[in-house]
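# Observations on the model geometry
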Amino acid sequence: MITPLYLIFYFFSALAVFSGVMVIASGSAMRSVLFLVLTFFSMSALWLLLNAEFLALILVLVYVGAVMTLFLFVLMMLRTSAMRWREGLARYLPWIGLLVLMLIGVLAMILTKEPVSLIMFRVLPVAADYNNLADLGSVLYTSYVYPFELAAVILLMAMVAAIALTRTPAAFSKTQNPHQQMAVKVRDRLKLIKDGDTQ
Amino acid sequence: MIPESYFLFVSALLFGLGVAGIIINRKNLITVLMSIELILLSVNTNFITFSYFLHNTVGQVFVFFILTVAAAEAAIGLAILVILFRERGNIEVDQLNTLRG
Amino acid sequence: MDNLLSITIAVMLLPLAGAIVAGLFGKLIGRTATHSVTIALMGIVFLLSIYLCNQIILKGHPAIDATLYHWVASGPFQWDVAILLDRLSAVMLLVVSFVSLVVHIYSVAYMHDDPGYERFFSYVSLFTFAMITLVLANNFLLLFFGWEGVGLVSYLLIGFWFQKDAATAGGLKAFIANRVGDVGFILAMAVILMVFHSFHYSDVFAAVPAMSNQTMLFGGHVCSVITLICILLLIGAMGKSAQLPLHVWLPESMEGPTPISALIHAATMVTAGIYMIARMSPLFEYSEVALSLILVIGATTCLLMGLVAVVQHDIKRVIAYSTLSQLGYMMVALGASAYDAAIFHLITHAFFKALLFLSAGSVIIALHHEQDMRRMGGLARSMPITYLTFAIGALALAAIPPFSGFYSKDMIIEAVHLSTTSGAHYAYLCVLAGAFLTPLYIFRAFFLIFHGKKKIHGPIYENGWTTLIPLIALAIPSVMIGGVLIYPMLFSTPHLLGDSIFVLPAHQWLLSASASYHGALSMAMTAKASTPFWLALIAIAISWIVNVQHASIGDHLKSVFHRTYAVLVAGFGFDRFNECVWVRGARALGAFFYQVADLKMIDGFFVNGSGRLIRFISNTGRLLQTGFIYHYALVMVIALLFFVGRFLLGF
């Protein structure tokens, strides 16, 4: 039974998988990032199908708007070489493809296996006044308030770390070196010259 | 409604693409980071799917945290990438084998 | 009681004190003080031994069985240093202390010029301590302590002149041959501990009758427990008492000083095996097989070693082989359950053999350490006292009445004759042949040394009194002790040894002989009716003719029977056999194990091999550590697949 819902699902799934493939297969890093953005967009559409409106929006706003932009900035700063295939990769590619297919198959099997499968759960119709944001907020700010605060600290730390890591040592900054100060001798500072000495 | 296994299958495909991206990546380290983002995305999709079909919002809370940590990871990863580039002049994965035994 | 016990302890420890003083402080106190101290201590020990003997045997004091202290307590087992002074050990004590005293005195002169004077006296005293411990032990472990102690001192004393290669080699040989016997002894102790749960003689002997039918598995064969213990003990005794085929060390031990040959390798230590078997008579009585084995081994030793003695040229070796032969006699007596006769012969032999050795030593000193009989001759006139004492020793050894050897040997032959233990007929023939051979070789030596032409130029003088007094002191018992002891040892009721010896009623062969016993003198008088006596006389006559009258006959016989002669000179090839089979075999085995097991297996395979293996594994393993991220990711994926697959397929 093809409903519009299915159409939307198939469309965005196909788009997500296609752009995912392009992320790892495209010629330049810049294009990869852009395809990754497309993947995120399509997946956020799928998330909307799953009633996760808040997270879908967050994914687009924060991830695409911030993180992907960060990727683009970094790419612009770096001098990226042309994306060549690694030597000898063509030989291994079928094997790697087989391996990945097996992995996907195994994951699919395990996710649809009887004990895990959710077929037994009947999906309840969503209430008309269901508010995903209120629902998420009520959990996030009650049971998970401490992890939430911790997440904020992690973000802060990430910011500090990123700045500290990338900061170039400033040549003009005035710092003290106590060790050198202690080790200083008189002759380092003072030089006695005889009067009239040409030297 | 679309069965949950459809979503899970898409997510598995994305996961596989991410793993394949790490293994067969080109010479650019930044692709590895992007592949990791793909994997995280697929994991998040799983969480949301289960959250929806089990009527449990906790799954979405976890996605929230994962997004936070992933953002932090991306920031620090890129910072490391930048200093790596500053030190070596390139970010080619083939030359990053200091760990070789 | 307490009094006797403390005297016994003193007897045991005084020689040790002497050994310590001589050994540690000998150089400090000087030669005279050293021998004074040790001789004085030995004198005290001898006097105390006489007192103890008097108390135990003549006054009939009950046997002392006392624990001095607990040596080892391990689980259910408790091993003590404990002594047993009964009639048997009292008699042995007297013999040991007397011979030891005599040898101490004799050594003053014999060792006079030796740089190791103090060391020598220390060893001799130490030996006496070990021997007395062996004799006085009341359990197997202390017996073994003494047993090993005498073995150790024997080794030290054979190799006393350690500058001589032959001496050190002889010492080693004695030590190794004794180890072979000790294996048997140790195994016997293990079996005893396993079966009887005790090392104490009285516990073991009390439990023997109940055990006589019990069997156990040994080396894959079911055998009687008692027989097994007895045969293992016999192997120990064969090592210590130099029985075939473990006898090879005794001739070599003659490299030691002559007093030592007299003390250790004739009178006391080598009789330890005889003493031990006599002590274990309650065990051996219950094993017909072991008794037969003793008979056969003893008889064979007696005959073969007598034959070898006939062709020896070294004066000490003749006496050494004679000792082997006489030990064979004692073994035969033990095998015929005539323990009293064995101990009797042990006592008489101790005296006359020590006498022979010391007389030979006297000759050797006079001739400035010449030991080859072919270069001696006509010494009778120069050394009258030595001549006399050697003659007494020889007559006693040859069992000529009324000398002591006659009584003891005659009784052994009689006992074997009467015995019906299987092998007794063979043993009887052997000891008869031995009775013919003994006079033949000892009088050959006697005639070669003292009669015939004088071959050594220059004057020869009789030795001083420190040498001669011990000879005389030994000559007197050599003449008399047989006649004096025969009645109390064998025929009185109770016997001299009393309940120390246990003989099954069925095995008391000499009981019938006692009916015809009418005193020592009449026995000597009626000797003309006995076969061994005539054999001895004929042998002496032959010896006289061949060695003195017509020396050419000997050479003629030698050339006619040159094959036989070669076999005899080679001592039936036991040494050669040991050399070829054991020594070379052990060397080949050692070389094999060195080449294959040590070099290839342990060094090559285990030591270097484990190193190589680890290097190989790590060389292989480091191939995984390429340092490339995607390789690690690949490994992760494979592992993930593996574990998820395991989970899915449920294996």
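Residues numbered from 1 in each chain as written. Chains lettered and ligands numbered in written order. Predicted model: local features only at pLDDT ≥ 70, side-chain atom pairs only at ≥ 80, totals over all residues.

### Notes on the overall build of chain A
Looking only at helices and strands, chain A has eight helices and zero strands in total. In sequence order, chain A lays out its α and β elements as α-α-α-α-α-α-α-α. A buried classification covers 21% of the 199 residues belonging to chain A. Within chain A, residue pairs in contact and separated by at least 24 positions form 52% of the contacts whose partners lie at least 6 positions apart. (Helix = DSSP H or I, 4+ residues; strand = E, 2+ residues; numbered from the N terminus. Buried ≥ 20, exposed ≤ 12 C-beta atoms within 10 Å, placed from the backbone. Contact = placed C-beta atoms within 7 Å.)

### Here we look at the overall build of chain B
Summing up its helical and strand segments, chain B has three helices and zero strands in all. Put simply, chain B has 101 residues, and 61% of those count as buried. Restricting to contacts in chain B with at least 6 residues of sequence separation, those with at least 24 account for 52%.

### A look at the interface of chain B and chain C
Counting residues at the interface gives 12 residues for chain B and 10 residues for chain C. If you tally residues by element for the side of chain B that touches chain C, the top one is helix H1 (residues 4-23) of chain B, at three residues. Its residues placed into classes, the side of chain B that touches chain C shows seven nonpolar, four polar and one charged. (Nonpolar A, V, L, I, M, F, W, Y, C, P; charged D, E, K, R; others polar.)

### A short note on the environment of Val91 of chain C
Residues and elements named next belong to chain C. Among the secondary structure elements, Val91 is positioned in helix H2 (residues 87-110). For Val91, a count of 25 C-beta atoms within 10 Å puts it in the buried group. Here the alpha-carbon distance between Val91 and Ile343, two residues 252 residues apart in the chain, equals 9.0 Å. Among residues more than four places away in sequence, those in contact with Val91 are Cys53, Ile343, Ile347, Leu496 and Leu497.

### Things to note about the interface of chain A and chain B
One frequent convention defines the size of an interface as the accessible area lost when the parts assemble. Taken together, the contacts link 69 residues of chain A with 64 residues of chain B. Looking at the side of chain A that touches chain B, the elements that each hand over two or more residues are helix H1 (4-25), helix H2 (29-49), helix H3 (53-77), helix H4 (89-111), helix H5 (132-140) and helix H6 (145-166) of chain A. For the side of chain A that touches chain B, the leading source of residues is H3 of chain A, giving 11 residues. Taken together, the residues that form the side of chain A that touches chain B break down as 57 nonpolar, nine polar and three charged.

### Here we look at unusual backbone geometry
Residue and element names in this part refer to chain C. One non-glycine residue with positive phi stands out, namely Ala242, at about 55°. Its place among the elements puts Ala242 in the loop between helix H7 (225-240) and helix H8 (249-252). Looking at Ala242, the number of C-beta atoms within 10 Å reads 29, which means it is buried. In this model, Ala399 sits at a positive phi of 60°, which is unusual for a non-glycine residue.

### Overview of H1 of chain B
Taking 1.5 Å of rise per residue, 20 residues should cover 28 Å, and H1 of chain B covers 29 Å from first to last C-alpha, within 8% of that figure. In terms of residue burial, H1 of chain B counts as a mostly covered element, since 17 of its 20 residues are buried. (Expected span 1.5 Å × (residues − 1).)

### Quick notes on the nonpolar core
Among the nonpolar cores identified, the biggest contains 217 residues, and Val332, Ala333, Ala342, Ala354, Ile412 and Val431 of chain C are the most heavily contacted of them. Residue contributions to this core peak at 18 residues, all from helix H14 (residues 339-366) of chain C. If we skip the residues at most four places from it in the chain, Ala342 of chain C touches Ile274, Ala278, Met330, Ala333 and Leu334 of chain C. Residues Val33 and Val37 of chain A together with Met34 and Leu38 of chain B belong to the second largest nonpolar core, which totals 75 residues. (Core = buried A, V, L, I, M, F, W, Y, C linked by C-beta atoms within 7 Å.)

### As for the pairing of strand S2 (residues 77-85) of chain C
All names here are of chain C. Here strand S1 (residues 64-74) pairs with S2 via nine bridges, running antiparallel. Bridge assignment links His70 to a residue of S2, and that residue is Asp80. Between S1 and S2, which pair antiparallel and follow one another directly, the connecting turn spans two residues, one of which, Gly75, has a positive phi of 60°. (Pairing = 2+ DSSP bridges.)

### Here we look at the confidence of the model for chain B
On average, chain B scores 86 in pLDDT, and the residues at 70 or more come to 97%. Predicted complex, confidence summary: ipTM 0.91, pTM 0.65. (pLDDT = per-residue confidence, 0-100.)

### Thoughts on the packing of helix H13 (residues 315-335) of chain C against H14 of chain C
Residue and element names in this part refer to chain C. At a minimum axis separation of 9 Å, H13 and H14 run at an interaxial angle of 175°. What the angle tells us is that H13 and H14 run roughly antiparallel. Residue-level inspection shows Ile315, Lys316, Ile319, Thr323, Gln326, Tyr329, Met330, Ala333 and Leu334 of H13 in contact with H14, the latter providing Tyr339, Ala341, Ala342, His345, Leu346, His349, Lys353, Leu356, Phe357, Ala360 and Val363. Grouping the constituent residues of the contact of H13 with H14 by class yields 14 nonpolar, four polar and two charged. (Axes fitted to C-alpha atoms, helices over the stretch in contact; angles between N-to-C directions. Parallel < 35°, antiparallel > 145°, perpendicular 65-115°, else oblique.)

### Here's the deal with the packing of H7 of chain C against helix H10 (residues 272-279) of chain C
All names here are of chain C. Two elements in contact, H7 and H10, have axes separated by 7 Å at closest approach and are oriented at 155°. When the interaxial angle is binned, H7 and H10 end up roughly antiparallel. Counted together, Leu233, Ala237, Met238 and Lys240 of H7 and Ala272, Gly273, Met276 and Ile277 of H10 form the full contact between these two elements. A breakdown of the residues in the contact of H7 with H10 according to their chemical character gives six nonpolar, one polar and one charged.

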